[in-house]
There are 2 protein chains.
Amino acid sequence: MKTSPQCAPCLLNRVLYEAELSTKDPELRFKAVQGGLEFLNENFYPGADAIKISTGIHRKAYNILGDKDPYRELKILSNKLAMEAVPYVRQQMDGLMPEERFRLAVLATIIGNTFDFGVQGHDVETGDFMAFYERMVEQGLDIDHTAEIRKLAMNSDVLYIVDNCGEIYFDELLIEELKALGAKVTLVVRGEYILTDVTMEDVVRMGLDKKVDRVLTTGSNAVGVSLEEAPAELIEALETYPLIISKGMANYESLGERGFKNMAYLLRAKCETVAAAIGARKGYNVAKLVL
Amino acid sequence: MKTSPQCAPCLLNRVLYEAELSTKDPELRFKAVQGGLEFLNENFYPGADAIKISTGIHRKAYNILGDKDPYRELKILSNKLAMEAVPYVRQQMDGLMPEERFRLAVLATIIGNTFDFGVQGHDVETGDFMAFYERMVEQGLDIDHTAEIRKLAMNSDVLYIVDNCGEIYFDELLIEELKALGAKVTLVVRGEYILTDVTMEDVVRMGLDKKVDRVLTTGSNAVGVSLEEAPAELIEALETYPLIISKGMANYESLGERGFKNMAYLLRAKCETVAAAIGARKGYNVAKLVL
């Protein structure tokens, strides 16, 4: 996906945000923002790749801050809130017929996709997450290809590219549904810490690695999936699997225009740039299959 | 006032905001943001003067956009909303004793100071301004030196440096109170269009020039008051007047650390950087006298 004029202030705000998470030192915060400006001044131009810019600016900011994981506390918070909600979602799912049950699992993973801190114009609901969850269930899916996605999942190889912590607990519910449909699930996590994204240690800690058939990593701390940095198995799966579930905006930004087939993009459209690219509006809950 | 790490993304957002107000051309919007990045990359460093940066970046953006007044529609909207509210404020004032009446006039001008579009983290209430007005009256003044300000105004020369359109209609009420106290009022407006700020044509259109004793301009389209660009009469008044009323954040940013005396800063603290500098918190209604 190409960058838009909105991306520059949003990314600069996010650099400030992670600087504030990482350090109380005002000089270091200033340096991080200056580093972001320098990076954008060099790399932000019409037609530039959105994900290369976001990967580059965060790497530079982490480097200036001397911090490998500024979001560590927020990841713990997200996990806590999601874990509290999961039993309730399970209860809701238990009363439903198979297709509806699958749809609710998909929707829950998209509600989980709101655990994305620092996106300009998007506030994470940490106060009363359950009330927020209910409002989102009421909103439902604004683009809903769940029936087709479910069909493709039956007895298939499914590549499941995860996004944020917190969200991952809802992903677990959907993965259980996929497994119940006979799917072989290959999970893809980030290779290193980036933003609030799931890494291998998160899935090992929660035992999700035992529930899936294989876990791959993206091979790096790129935002989304960098095809240049991804291991060969991941590229092969992207090119051959009959169903690829891609969670969240960054995975869409990095994979959406690469010509891969059988892509199911599950995301909350948290900014206008991504919303416009995927054919949605800001605030939409999107389950879009691209064959 | 010195710039802070928060200022860079806020200003870049504001450049984007005025680009979106000014043009539908995505390329031109992109160019404006790139211009902002280039400017900040050169001029944003610890200790840099906040107002020089904001003046410089807006001048550059206006220049790129080829637009002398991107905020023209918003100024009209602000004026409309304020004009609708003024009769109600007058009614409220009419029932009050002199000191309370003066305090309400001051508070109304600070409520008017919320007509400031494009400040990050600050939303202008355009939907139901009257309900917002009532909430603000209930909040009252969080820093309240109105009694001392009123005393200084009696039979004095008062320099009144205005800020935004819309707000100016509430300023008119306070100016009437000042005149009733025997003050001679010199109004100061911007020399040219900048943001939603009041210029000579605004006060002439509303006839406010007839109600005051003199109108000066800041001599330029600087954000706030640039002492380098201000006419000699304005500098003289700043140095000698027994009461200077300075409305809004930008006037404070430009004058607050210049050693002037008898300054009454009336503003809504719409960002943490200004709030911290003036000894308030974000969201405070401030009427602070610095002798």
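Here is what the cut-offs are and how they apply
Residues numbered from 1 in each chain as written. Chains lettered and ligands numbered in written order. Predicted model: local features only at pLDDT ≥ 70, side-chain atom pairs only at ≥ 80, totals over all residues. Heavy atoms only, no water. Domains from an automatic or database assignment. Contact = heavy atoms within 4.5 Å. Buried area = accessible area lost by both parts, 1.4 Å probe. Salt bridge = Lys/Arg side-chain N within 4 Å of Asp/Glu carboxyl O. Polar contact = N/O pair within 3.5 Å; in protein donor to acceptor, adjacent residues only side chain to side chain. Helix = DSSP H or I, 4+ residues; strand = E, 2+ residues; numbered from the N terminus. Least-squares fit on C-alpha atoms with pLDDT ≥ 70 in both. Nonpolar A, V, L, I, M, F, W, Y, C, P; charged D, E, K, R; others polar. Pairing = 2+ DSSP bridges. Axes fitted to C-alpha atoms, helices over the stretch in contact; angles between N-to-C directions. UniProt positions renumbered as here; feature names shortened; annotations may be inferred. 1 Å grid on protein atoms, 1.4 Å probe; cavity = no way out; pocket = protein on both sides within 12 Å on 5 of 7 lines; lining within 4 Å. Points joined across faces, edges and corners; volume = space filled by probe spheres on them. Buried < 20%, exposed > 50% of the residue type's maximum accessible area, 1.4 Å probe, protein only.

Naming follows an unreviewed UniProt entry, where chain A appears as Damage-control phosphatase ARMT1-like metal-binding domain-containing protein of Methanocella arvoryzae.

Section: the domain arrangement of chain A
Residues and elements named next belong to chain A. Assigned domains of chain A: these are domain 1 (7-65) and domain 2 (72-290). Look at where the C-alpha atoms of domain 1 and domain 2 centre, and you get two points 25 Å apart. If you look at the interface, domain 1 gives 16 residues, while domain 2 gives 19 residues. Together domain 1 and domain 2 conceal approximately 1500 Å² of surface at their shared face, both sides included; 54% is due to carbon and sulfur atoms. A per-residue breakdown of the area domain 1 buries against domain 2 is headed by Arg14, Ile51 and Arg59, which together make up 40% of the total. Where Glu229 meets Arg59, a salt bridge forms, and the shortest distance between an N and an O atom there is 2.9 Å. Applying the counting criterion to the domain 1 and domain 2 interface returns five residue pairs in polar contact (both at pLDDT 80 or more). Every element with two or more residues in the side of domain 1 that touches domain 2 is listed here: α1 (7-22) and α3 (50-65). Element by element, the count of residues in the side of domain 1 that touches domain 2 is highest for α1, at eight residues.

Quick word on the relation of the copies chain A and chain B
Rotating chain A by 180 degrees and translating it 0.0 Å along the rotation axis places it on chain B, where the RMSD comes to 0.0 Å. In symmetry terms, the pair is related by a two-fold rotation axis. If distances are taken from each C-alpha of chain A to the rotation axis, the shortest is found for Pro9(A), at 2.6 Å. A high fraction, 100%, of the interface residues of chain A reappear at the interface in chain B, so the copies pair face to face through one surface.

A closer look at the interface of chain A and chain B
Of the residues lining the interface, 23 residues belong to chain A; the matching set on chain B comes to 23 residues. Contact between chain A and chain B buries roughly 1900 Å² in total, counting both sides, with carbon and sulfur atoms accounting for 73%. Area buried by chain A at its contact with chain B is led by Pro5(A), Phe30(A) and Leu37(A), which between them contribute 31% of it. Here chain A is connected to chain B by zero salt bridges. When residues in the side of chain A that touches chain B are grouped by element, the largest group, nine residues, is from helix α2 (residues 26-43) of chain A. Along the lines of polarity and charge, the residues of the side of chain A that touches chain B split into 13 nonpolar, seven polar and three charged.

Focus: the sheet that holds strand β2 (residues 157-161) of chain B
Residue and element names in this part refer to chain B. A sheet is described by the order of its strands in space; here seven strands give the open sequence β1-β7-β6-β5-β2-β3-β4, paired in mixed fashion. Edge positions in the sheet fall to β1 (143-144) and β4 (214-217), since each has one partner strand and no second. Relative to strand β7 (residues 285-290), β1 is paired through two bridges, and the arrangement is parallel. Within β7, the position partnered with Asp144 by the bridge is Ala287. Against the sheet, helix α12 (residues 248-255) contacts β2, β5 (243-247) and β6 (263-268), and its axis sits at roughly 140 degrees relative to β6.

Looking at the UniProt feature "domain: Damage-control phosphatase ARMT1-like metal-binding" (unreviewed entry) in chain A
Summarizing the sequence annotation, UniProt attributes the feature "domain: Damage-control phosphatase ARMT1-like metal-binding" (unreviewed entry) to residues 3-285 of chain A in the numbering used throughout. Helix makes up 55% of residues 3-285 of chain A and strand 10%. Its end C-alpha atoms lie 22 Å apart.

With respect to the layout of surface pockets
Quantified by volume, the second largest pocket comes out at close to 170 Å³. Contributing elements (two or more residues each) for the lining of the second largest pocket: α13 (272-278) of chain A together with α2 (26-43) of chain B. Looking at the lining of the second largest pocket, the element that brings in the most residues is α13(A), giving three residues. Classifying every residue of the lining of the second largest pocket gives three nonpolar, three polar and three charged.

Some remarks on the side chain of Ser78(B)
Residue and element names in this part refer to chain B. Looking at where Ser78 falls in the secondary structure, it is placed in helix α4 (residues 72-94). The class for Ser78 is buried, based on a relative accessible area of 0%. Aside from chain neighbours lying at most four places away, what touches Ser78 is Phe115, Phe117, Cys165 and Gly166.

Comments concerning the sheet that holds strand β3 (residues 184-189) of chain A
Residues and elements named next belong to chain A. Spatially, β1-β7-β6-β5-β2-β3-β4 is the arrangement adopted by the seven strands of the open sheet, whose pairing is mixed. Pairing within the sheet leaves two strands with one partner each, and these edge strands are β1 (143-144) and β4 (214-217). Two strands pair when backbone bridges link them, and strand β2 (residues 157-161) and β3 are joined in this way by five bridges, in the parallel orientation. Bridge pairing in β3 places Tyr160 opposite Leu187.

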